[in-house]
Amino acid sequence: MPVAKLTNNKPRERLLTLKDPQKLKTEELMAILIGHGVKGRNVFDLSEYIVNFLRKNNELPKIEDLVSIEGVGKVKALQIISALELGRRFYQEETEKNIEGIKLKTKDDWDFADVPLKVRQGGVHFFHHYTAKFIPQIPEKFIRKYSKGNDIVVDPFMGCGTTLITAKLLGNHSYGVDTNPLAVKISETKTMVVNERSVKEIDDFIRWISSRRENYNRTNSSYRAEEKDIFLFEGSKDWFREDVAGKVKNILNRAKSYSPDIQNFIKVGVSDLLKGMSNARMDANVPTLPPCPVYIDKKHYYREVNNKTRNIPVYSRVLSQVLRMKRAILEFNKETDRRLICKPILGDARELSKYIKSCNLVITSPPYWSAQNYQKLHMLSFKLFGLKIDEEDEVGRNGHGRYQEDMAKIQSEIAKILKGYYGLVIGEDTRDQEHLRVVESAKRAGFKLVDTFVRRLSNQTAFSKQIKDEFIYVFKI
Ligand SMILES: C[S@@+](CC[C@H](N)C(=O)[O-])C[C@H]1O[C@@H](n2cnc3c(N)ncnc32)[C@H](O)[C@@H]1O
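As a starting point, this report considers the structure included with it.

With respect to the overall build of the protein chain
In terms of regular secondary structure, the protein chain is built from 19 helices and 11 strands. Counting every position in the protein chain, which comprises 477 residues, the buried fraction comes to 50%. Contacts in the protein chain between residues at least 24 apart in sequence constitute 69% of all its contacts with a sequence separation of at least 6. As displayed, the protein chain offers around 24,500 Å² of accessible surface, 52% of which is attributable to carbon and sulfur atoms.

Looking at helix α14 (residues 314-335)
Helix length check: α14 (22 residues) gives 32 Å between terminal C-alpha atoms against 32 Å at 1.5 Å per residue, within 8%. Next to the buried residues of α14 lie α8 (162-169), α9 (181-190), α10 (196-210), α12 (242-255) and α13 (260-277).

Section: the site of the ligand
Neighbouring the ligand are 24 residues, the closest being Y130, T162, D178, A349 and D393. Taking T162, its side chain carries an N or O atom lying 2.6 Å from an oxygen atom of the ligand. D393 is positioned with one of its backbone polar atoms (N or O) 2.7 Å from a nitrogen atom of the ligand. In isolation the ligand has 600 Å² of accessible area, and contact with the protein removes 98% of it. For the shell around the ligand, a count of residues per class yields 13 nonpolar, 6 polar and 5 charged.

What about helix α2 (residues 26-34)?
Within α2, the full set of buried residues consists of E27, E28, M30, A31 and I34. Seen end-on, α2 carries its buried residues on one side only, within an arc spanning 160°. For α2, the elements touching its buried residues are α1 (11-18), α3 (43-56) and α5 (74-90). In the segment just after α2, G35 is the residue with positive phi, at about 80°.

Quick look at unusual backbone geometry
If a residue is not glycine, its phi is most likely negative; likewise, a peptide bond is most likely trans. Positive phi is not limited to glycine here, since Y301 has a value of about 55°. You can see Y301 is positioned in the loop between β5 (294-297) and β6 (303-306). The class of Y301 is exposed, set by a relative accessible area of 79%. If you check the backbone angles, Y302 has positive phi at about 50° while not being a glycine. In this structure, Y302 sits in the loop between β5 and β6. With a relative accessible area of 56%, Y302 lands in the exposed category.

Brief notes about the nonpolar core
With 55 residues, the main nonpolar core has F127, F205, F240, V248, I251 and V318 as its most contacted residues. Among the secondary structure elements, those contributing two or more residues to this core are α9, α10, α12, α13, α14 and α17 (379-384). Looking at this core element by element, the count peaks at 9 residues for α14.

Some details on the environment of Y258
Of note, Y258 is situated in the loop between α12 and α13. The exposure class of Y258 is buried, given its relative accessible area of 7%. Y258 has contacts with E201, D204, F205, Q263 and I266, leaving out every residue within four places of it along the chain.

Rules used in this analysis
Residues numbered from 1 in each chain as written. Predicted model: local features only at pLDDT ≥ 70, side-chain atom pairs only at ≥ 80, totals over all residues. Heavy atoms only, no water. Helix = DSSP H or I, 4+ residues; strand = E, 2+ residues; numbered from the N terminus. Buried < 20%, exposed > 50% of the residue type's maximum accessible area, 1.4 Å probe, protein only. Contact = heavy atoms within 4.5 Å. Areas by Shrake-Rupley, 256 points an atom, 1.4 Å probe, with all protein chains shown as cover. Expected span 1.5 Å × (residues − 1). Near = heavy atom within 4 Å. Polar contact = N/O pair within 3.5 Å; in protein donor to acceptor, adjacent residues only side chain to side chain. Nonpolar A, V, L, I, M, F, W, Y, C, P; charged D, E, K, R; others polar. Arc of directions from axis to C-beta. Core = buried A, V, L, I, M, F, W, Y, C linked by side-chain atoms within 4.5 Å.

Encoded structure:
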């Protein structure tokens, strides 16, 4: 869209006279902010250029993007970023949403409907699939809005570590608790502090696996057994073809020669690919064996799958996964301060105060009252790595009454350690209104509800027909 040229070259005077910044053009406001131009580019040309640049990029710009504009040095870049951030923090636009005929005021848009998958799953977030994880934009927005920086952020239902990653990227300390040992492994890997030794070990593994990478013209028989024993776990023969099991075994054996964090790194990479390399049906979320090796994959265009002959290039897949993971973890380490505490804890949120003594922010999305069975969903990884969850510890797996009891206990634990804001991301239960009971128990634990935001879920992200939208309740102690 062409931007009208500035007609008045005295924006400061205009603001003094008009007394209303809304009456000035954006370019004029920018000119007031940056103050002066540079040799060969006056303040108006420069302002116009910067404003066009900002319009094209919907997000808060990075310093390096701004200084790449001719005439913008570090000082101007910092002025612009600070002004944009101040505006965002203080004066979000009020929007009104109509949900099922009820008008709800929301100060912000929490839908993030336009955020592409690449961004939602960018950085280290892609390391491992995890059902019911929230998109990083939610904790990011919450932390930006309610944190004063350098805070301690806690997620009592950490899952695969989305809150911890975001908190660290925004310069905060963080702790997360989860009963799922796989979730803890994933979170540890995503938030790992990398040093020279870790890079050397990852590179060594990459060299090792590159030399074994499958040649696509050859058949599966190209696999060379490095060990006779290809036993992975009890019953693994049903789940993995011999060549696949052998290669997975070789990879895990190789991993043993590295330090524990790199072993974890490799295991998480393998775990993410495991179901796709197994004989499990491609059209089922919970690993399920098809009745015979040749079956119809109902989820992906009704194609025929032949588990006996299909190409499963284990080494190539793991190689490309580990290469992507290495790039992302190095970037994460570059962007974050390694001195920040970032600690995933294997534990039970009902005993939160046993692990964490105090914090300034809590942001979490609890399991639902009919929660996912993570042990079943990730059955192959659990078996391969010898993991276990005690179902008694899992919130939401033992009926509605018990769910509310557990949530009440956890919220009173949060109240014990929190000095600040608590963000609860929870689906709207259109049938039984369970979400409202959770809000009531938060109030009973001593919290005051200070904000409510609505997040409209797309058809793909909606949990079920019963839950169409999510609420972000913000409490303060
Ligand atoms: C909706 S998921 C959270 C996902 C997370 N926000 C993320 O982005 O990955 C809920 C999590 O609560 C965990 N959970 C269930 N019962 C728990 C308990 N008693 N203590 C701690 N975590 C528990 C589950 O294992 C699951 O990872």
